[in-house]
Amino acid sequence: MTETVWWKRGTVYQVYPRSFQDSNGDGVGDLAGITRRLDYLAWLGVDAVWISPVYPSPMADYGYDVADYCGIDPLFGSLSDFDELVAQAHRRKLKVILDFVPNHTSIAHPWFTEARASRENPRRDWYIWRDPGPDGGPPNNWLSNFGGPAWTLDPATGQYYYHAFLREQPDLNWRNPAVRAAMYDALRFWLERGVDGFRVDVIWHLIKDDSFRDNPANPHFAEHLPEINRFHQVYSADRPEVLDVIAEMRAVLRAYGERVLIGEIYLPLERLMAYYGPDLSGADMPFNFQLIQTPWRADAVQELVENYEAGLPEGGWPNWVLGNHDQPRISARIGEEQARIAAMLLLTLRGTPTLYYGDELGLGHVPIPPERVRDPWELNEPGHGRDPERTPMQWEPGPRAGFSTAEPWLPLSPDHETRNVECLQDMPGSILTLYRRLLALRREHPALAVGSYRTLALGLPDILAYERSVGDARLRVILNFGTAAHEIPLPESETWTVLLSSRGGRAGERGAGRTVLGGAEGLILMQS
Ligand code: NOJ
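Residues numbered from 1 in each chain as written. Predicted model: local features only at pLDDT ≥ 70, side-chain atom pairs only at ≥ 80, totals over all residues. Heavy atoms only, no water.

This is how the line gets drawn: UniProt positions are given in the numbering used here, feature names are shortened, and annotations may be inferred rather than shown by experiment.
By the naming in an unreviewed UniProt entry, the chain is Oligo-1,6-glucosidase, taken from Methylobacterium gregans. The record held by UniProt for the chain lists under Sequence similarities (unreviewed entry) the comment "Belongs to the glycosyl hydrolase 13 family."

### Re the environment of Ile-292
Note the threshold: By the criteria applied, helices consist of DSSP H or I runs no shorter than four residues and strands consist of E runs no shorter than two, each listed in order from the N terminus. Contact between two residues is taken to exist if any of their heavy atoms lie within 4.5 Å; hydrogens are not considered.
Mapped onto the fold, Ile-292 is located in helix α9 (residues 290-293). The spatial distance from the C-alpha of Ile-292 to the C-alpha of Arg-333 is 9.3 Å, given a sequence separation of 41 residues. The residues contacting Ile-292, other than those within four sequence positions of it, are Val-321, Leu-322, Gly-323, Asn-324, Gln-327 and Arg-333.

### Side note on the sheet that holds strand β1 (residues 12-15)
The pairing of strands in a sheet happens through backbone hydrogen bonds and is either parallel or antiparallel. We apply this condition: Pairs of strands are assigned from DSSP output, requiring at least two bridges between the strands. Note on geometry: axes are C-alpha line fits, over the in-contact stretch for helices, and angles between N-to-C directions span 0 to 180 degrees.
Strand order in the open sheet made by the 8 strands is β9-β8-β7-β3-β2-β1-β11-β10, with parallel pairing throughout. The two strands at the open ends of the sheet, each matched to only one other strand, are β9 (285-286) and β10 (319-321). As defined by bridge partners, β1 adjoins strand β11 (residues 352-356) across 3 bridges and the pair is classed as parallel. If you follow Tyr-13 over to β11, its bridge partner there is Leu-355. Sheet strands touched by helix α7 (residues 242-254): β3 (95-100), β7 (197-200) and β8 (260-263). Its angle to β8, the strand with the most contacts, is close to 150 degrees.

### What to know about the UniProt feature "domain: Glycosyl hydrolase family 13 catalytic" (unreviewed entry) in the chain
When the UniProt feature table is mapped to this numbering, "domain: Glycosyl hydrolase family 13 catalytic" (unreviewed entry) covers residues 14-390. Secondary structure within residues 14-390 divides into 28% helix and 11% strand; the distance between the first and last C-alpha atoms comes to 11 Å.

### A word on the site of the ligand
Heads up, the condition is: Nearness here has a simple test: a residue counts as near a molecule or strand if at least one of its heavy atoms is within 4 Å of that partner. Counted as a polar contact is a pair of N or O atoms within 3.5 Å, where, for protein atoms, one must be capable of donating a hydrogen and the other of accepting one, and residues adjacent in sequence contribute only when both atoms are in side chains. In short, Shrake-Rupley with a 1.4 Å probe defines the accessible areas, and a residue's cover is counted only from the protein chains shown. Detection works on a 1 Å grid of protein atoms alone, calling trapped sets that fit a 1.4 Å probe cavities and calling open sets with protein on both sides within 12 Å along at least five of seven lines pockets, with lining residues defined by an atom within 4 Å of a point. Whether a molecule lies in a cavity or pocket depends on its atoms, and more than half of them have to be within 2 Å of the grid points. The nonpolar class holds Ala, Val, Leu, Ile, Met, Phe, Trp, Tyr, Cys and Pro. Asp, Glu, Lys and Arg form the charged class, and all remaining residues, Gly among them, are polar.
In the vicinity of the ligand there are 13 residues, among which Asp-61, His-104, Asp-201, His-325 and Asp-326 approach most closely. One of the side-chain N or O atoms of Asp-201 is found 2.7 Å from an oxygen atom in the ligand. Between the ligand and Arg-386 there is a distance of 2.9 Å, counted from an oxygen atom to a side-chain nitrogen or oxygen. The protein chains hide 98% of the 290 Å² of surface that the ligand would expose on its own. At a threshold of 2 Å from the grid points, most atoms of the ligand map onto the largest pocket. Residue classes in the shell around the ligand are distributed as 4 nonpolar, 2 polar and 7 charged.

### Considerations on the sheet that holds strand β4 (residues 129-130)
A sheet is described by the order of its strands in space; here 3 strands give the open sequence β4-β6-β5, paired in antiparallel fashion. Taken across any chain shown, the strands that pair with only one partner, and hence form the sheet edges, are β4 and β5 (151-154). Here β5 pairs with strand β6 (residues 159-162) via 4 bridges, running antiparallel. From the neighbouring strand, Asp-154 faces β6, where its bridge partner is Gln-159.

### Digging into unusual backbone geometry
In plain terms, the rule: Exposed residues in this analysis have more than 50% of their type's maximum accessible area, buried residues have under 20%, and partly exposed residues fall in between, with area computed by a 1.4 Å probe over protein chains only.
Of note, the phi angle at Tyr-62 is positive, near 50 degrees, even though the residue is not glycine. Here Tyr-62 is to be found in the loop between β2 (48-51) and α4 (79-91). Taking the relative accessible area as the measure of exposure, Tyr-62 reaches 12% and is therefore buried. Positive phi values are uncommon outside glycine, yet Ala-520 reaches one of about 50 degrees. Within the fold, Ala-520 resides in the loop between β18 (515-517) and β19 (522-527).

### Side note on the packing of helix α6 (residues 177-192) against α7
Operational definition: Roughly parallel refers to an angle under 35 degrees, roughly antiparallel to one over 145, roughly perpendicular to one between 65 and 115, and oblique to any angle outside these ranges. Each crossing is labelled by how the near helix is turned from the far one, with a counterclockwise turn of less than a right angle marking it left-handed and a clockwise turn marking it right-handed.
Their axes nearest at 10 Å, the elements α6 and α7 cross at an angle of 30 degrees. Viewed along their axes, α6 and α7 adopt a mutual orientation that is roughly parallel. Crossing angle aside, the handedness with which α6 passes α7 is right-handed. On the side of α6, the interface is formed by Arg-180, Tyr-184, Leu-187, Arg-188 and Leu-191, while α7 contributes Val-245, Glu-248, Met-249, Val-252 and Leu-253.

### A closer look at empty space enclosed by the protein
To keep things clear, this is the line we draw: Grid points are joined across faces, edges and corners, and a volume is the space filled by probe spheres set on the points.
Under the criterion given, the structure shown has 1 cavity of 30 Å³ or more. Put simply, the largest cavity is a space of about 30 Å³. Residue lining of the largest cavity: Ile-265, Tyr-266, Leu-267, Leu-272, Phe-287, Phe-289, Gln-290 and Gln-293, and that is the complete set.

Below, the structure written as structure tokens:
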């Protein structure tokens, strides 16, 4: 058990590079900035850093529109800055995970320039081109995830190209073996530079229906939802052949040892599990976003954990996520008090946790004035934008929170004078201290990292309780999703010791039998 591979034992921390640390005074974070803050990540106690895209890009979708898979955008630095980051991270025993964006390139990628040059161009088939539909309009009803049709007419060649996202992000044709080979070469380029794994963007989108059938209408569509929800995406994504592609990608990684493949997948549980692949040949960790999508209630979360555990294929390793650069922050969704309970949940469930930068400060919804909106999705479909969860990291008191010397590309949270690393790092009851303590406990107690999971049915509606155990070690986690205090029944024959309370204090408290759990309190107990 103790030899379990690093990505099973460890924790992942996502950095949105534009917003972590600016080192050259342009208001945008960069690689040298991340390198400067590696000591913070080591101090916090995470094991791996996943960096959202830093490749050359026109930034139509802030780096998720890649113009060169084997370079670094000058905004973020250079390849030698990247090598330095990897070397410095490894020196601190931190792994580095890159964001790989294989579904689409930028419209500015030379491959697309060639592809659109003529119907006969050898690169034409690297992208997805179709003749207009019978009425001269788009070839089918597929929609862009950012609103509007997913097809754009290229007048020069008279065909439409497909883009699951912006028209500046044409989808690659993953049915073309030459595309696959080129993309696997790109993976190798970074693996050779020492990258420890990849988070693969929209991996379930890679293969589309071979006959481009219309997606069926969604009878539950409501106007407040993003337009993409008008149809079920059954033909434009999640096609069975995608599993072959993922297995190939995984094989590329495995040739370099224990490098991890994490797939970004928003699908219902049954479909998500398919992405572990036949005989676990697929993604090592298909990202599990269920905690983001489930109502914040003890019963709902308990059911979700049990269903997820039960749905895992034999040998499949679980993982949990509370937030990322596409989702409202956990603190904004459930409030800071419950965000502490969520942190305790994330870091004590069975499976690899991924933390989102700033959540350890309890960053909430940051208001974005209209003139400062940056996210293209917000511009297309107001109300659905992701800028509020992408604002700069807050390091210290002062006008720019230590993030930059210039005006940051997105506003800081209004409470940045007090909500920052410097103010919270030595404060015993701060959420940052809680995160750090939880991360330390996960390292100290193999039961938390690799132990089994068992729900404890206490019969208290607001309480979620479970046991994690390995060998003789048994830890109990008791989380109060409500505001009232509760007496918690525990076996009279056992003694317990508090390892951690989400509110601080209580550590070392011992007893036998019942204990009291405060409102919105979480406890980790060691049983003996
Ligand atoms: C998912 C990424 O997380 C998101 O930020 C991006 O806009 C889309 N994929 C398109 O690449």
